[in-house]
Amino acid sequence: KSSYDVVIVGGGGHGLATAYYLAKNHGITNIAVIEKNYIGSGNTGRNTEVVRSNYLWDEAAYLYEFSLKLWENLSTELNFNLMFSQRGVLRLGHSLQEMRDINRLVTSNHLNGIDSQILSPEDIKSLVPIINLSSDVRYPVLGGALQKRGGTARHDALVWGYAGAADAYGVDIIQHCEVTGIRQESGRISGIETTKGLIKTKKIGVCVAGNSGVLASLANLKLPIETHPLQAWVTEPIKPILDVVVMSSAVHAYISQTAKGELLAGAGIDSYTGYGQRGSFSILEGAIAAIVELFPIFSRLRLLRQWAGIVDICPDACPIIGKTPVEGLYFNCGWGTGG
C-alpha cells in the first residue's frame, strides 16, 4: 500500500517477530514487513541453530532467558513445528583461567535464576563419550558448564511460523523490496523509499542485523557497531552420535548434529569487517583442526557446504534495542556474539 502505520525493515526472525507481536499484543495490524531478498535469506537462514540463555552480563542474560522461554512454547503458539530440541549446550574449559571464567559464569547464571552447572572431565565423558580427553592435545579439557535447557531449533522454520502468524493478522510481507532512503521532516520519520516506490509512514523499525550501519547512515545516524562475517559449515550426514551442542571459546569452534544427521559447526568471527556472506579459509581450517582434535572420530567426514552470515557487534557485545534521535525510527541490532 502507499502508506502504513508501521514499516518493519528486515524479513528475518526479529523483523517478523516484531510485526507479529505488534499485531497480537498491541492491535497494530496496518504493518508492512519489507525484505530486500526473500524472507529468512539473511542471518536467520544462515546460522548454526543454537538457542541458549547462559550469558554473563545481567542485561544479556535476562533478554536471552526471556527468549528461551518464548522458544519453549513457540511451536504451539505459532502452530508450526520449529524443531526446538532442548538437548543441552556444553561449554568446554581448556585452562585454569577458563575454568575460573566458567565458575563466574555459572554463579552469575544462578544469581539470575538461569539453569547452569559445572561439569568435571568425567561428567563430560559420560555426557559425550566420543570426546577426546587426552592431556597430550593442544587444548586439554579441564571441565565445562552445561545448560540443559539450551539446545537447537530450525530458524528457517521460525521465519515461516512468524510469517504465517503475522499474515493471519493482516500484516503485509513484501519481498524483493530494498530500502533506498529514509525520509524525515523536522526530525521525524515521514516515509521510506524503496525499489518498489515510496511508502508513507511515521514509524520504522529496522531489524537488519549486519546491515544496520548501512540503514542508519540513510537517516544520518552512526551506530557503535562493527560488521563481521561469521562462518558455518555442515558435513555429510551420519547416524546419530552427538546429542548435545559442544562449544569451545578457546578454539573458537562449536558443533552439533542436525535432525538430518549432518554435523553443523561454526567458528569465531573473521577479524576483518565486511558484508560478504562468505569467509576466509584460515578461520575454517583452524576451527576444523580444533574440532577434529576434540573428536578424532570425525576426521574422515566430508564437508558438504560452507557459508557465512554477517554479525553486528557492539563494544560490550550487548544489543541496541529501541528509539533513536530521529522520532519514529527504531533499531534492533548489535546481537553479535557474546554478552
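My aim in this report is to walk through the structure given alongside it, one point at a time.

What counts and what doesn't
Residues numbered from 1 in each chain as written. Predicted model: local features only at pLDDT ≥ 70, side-chain atom pairs only at ≥ 80, totals over all residues. Heavy atoms only, no water. Core = buried A, V, L, I, M, F, W, Y, C linked by side-chain atoms within 4.5 Å. Buried < 20%, exposed > 50% of the residue type's maximum accessible area, 1.4 Å probe, protein only. Helix = DSSP H or I, 4+ residues; strand = E, 2+ residues; numbered from the N terminus. Contact = heavy atoms within 4.5 Å. Pairing = 2+ DSSP bridges. Axes fitted to C-alpha atoms, helices over the stretch in contact; angles between N-to-C directions. Salt bridge = Lys/Arg side-chain N within 4 Å of Asp/Glu carboxyl O. Disulfide = S-S within 2.5 Å.

**Quick notes on the nonpolar core**
Okay, step 1: Of all hydrophobic cores here, the largest spans 28 residues; its most connected members are Ile8, Leu16, Tyr20, Ile31, Leu74, Tyr162 and Val171.
Okay, step 2: Mapped onto this core, the elements with two or more residues apiece are strand E1 (6-9), helix H1 (13-26), strand E2 (31-34), helix H2 (58-78) and helix H5 (155-168).
Okay, step 3: Setting aside chain neighbours within four positions, we find tyrosine 162 in contact with Gly13, Leu16, Ala17, Tyr20, Tyr21, Leu74 and Leu78.
Okay, step 4: Of all hydrophobic cores here, the second largest spans 26 residues; its members include Val208, Ala219, Phe331 and Cys333.

**Observations regarding the sheet that holds strand E9 (residues 179-185)**
Okay, step 1: Taken together, the three strands give an open sheet; going across it, the order is E9-E10-E11, and neighbouring strands pair in antiparallel fashion. The strands lining the two open edges of the sheet, one partner per strand, are E9 and strand E11 (197-200). Sheet twist, expressed as the mean angle between neighbouring strand axes with direction ignored, is 25°.
Okay, step 2: As judged from the six bridges shared by E9 and strand E10 (residues 188-194), these two strands associate in the antiparallel manner. Bridge pairing in E10 links arginine 183 to glycine 191.

**Things to note about the sheet that holds strand E18 (residues 320-323)**
Okay, step 1: Sheet architecture is open: six strands sit in the order E8-E2-E1-E12-E19-E18, paired in mixed fashion. Unpaired on one side and paired on the other, strand E8 (172-174) and E18 mark the two borders of the sheet. Geometrically, the sheet is characterised by an average inter-axis angle of 15° between neighbouring strands, direction not taken into account.
Okay, step 2: Sheet analysis places E18 next to strand E19 (residues 329-333), joined by four bridges and oriented antiparallel. Within E19, the position partnered with glycine 322 by the bridge is phenylalanine 331.
Okay, step 3: Along the sheet face, H1 touches E1, E2, E8 and E19 and points at about 175° away from the line of E2.

**Re the pairing of E10**
Okay, step 1: Hairpin connection from E9 to E10: two residues lie between these consecutive antiparallel strands, with serine 186 at a positive phi of about 55°.
Okay, step 2: With four bridges connecting them, E10 and E11 associate as antiparallel partners. By the bridge assignment for E11, isoleucine 192 is matched with isoleucine 199.

**Brief notes about the pattern of salt bridges**
Okay, step 1: This model, assessed by the stated rule, comprises twelve salt bridges.
Okay, step 2: Between aspartate 115 and arginine 149 there is a salt bridge, with the nearest N and O atoms lying 2.8 Å from each other. Taken together, the positions of aspartate 115 in the loop between helix H3 (96-111) and strand E5 (117-119) and arginine 149 in the loop between strand E6 (143-147) and strand E7 (151-152) put the pair 34 residues apart, joining distant regions of the chain.
Okay, step 3: Across the pair arginine 305 and glutamate 262 runs a salt bridge whose closest N-O atoms are separated by 3.6 Å. Here glutamate 262 lies in the loop between strand E15 (253-257) and strand E16 (263-269) and arginine 305 lies in strand E17 (residues 303-313), a separation of 43 residues in the sequence.
Okay, step 4: Residue classification places glutamate 262 among the buried residues on the basis of a relative accessible area of 7%.
Okay, step 5: Through salt bridges with shared partners, a single ionic network connects Glu65, Glu72, Asp115 and Arg149.

**Quick notes on unusual backbone geometry**
Okay, step 1: With phi around 55°, serine 186 is a residue other than glycine that occupies positive phi space.
Okay, step 2: Looking at where serine 186 falls in the secondary structure, it is placed in the loop between E9 and E10.
Okay, step 3: Even without being a glycine, alanine 317 presents a positive backbone phi close to 60°.
Okay, step 4: Its location among the elements puts alanine 317 in the loop between E17 and E18.

**A look at the environment of isoleucine 297**
Okay, step 1: With respect to the helices, strands and loops of the structure, isoleucine 297 is situated in the loop between helix H7 (281-294) and E17.
Okay, step 2: Placed 68 residues apart in sequence, isoleucine 297 and proline 229 show a C-alpha to C-alpha distance of 29 Å.
Okay, step 3: Excluding its chain neighbours within four sequence positions, the residues that come into contact with isoleucine 297 are Ile130 and Ile241.

**Section: the state of the cysteines**
Okay, step 1: This structure, assessed with the given rule, holds zero disulfides.
Okay, step 2: With no disulfide of its own, cysteine 177 lies closest to cysteine 207 among cysteine sulfurs, the gap being 15 Å.
Okay, step 3: Judged by its relative accessible area of 3%, cysteine 177 is buried.
Okay, step 4: Here cysteine 318 stays unpaired: no disulfide links it, and the sulfur of cysteine 314, its closest cysteine neighbor, is 8.1 Å away.
Okay, step 5: With a relative accessible area of 10%, cysteine 318 lands in the buried category.

Don't take any of this as a statement about function, it's just geometry.
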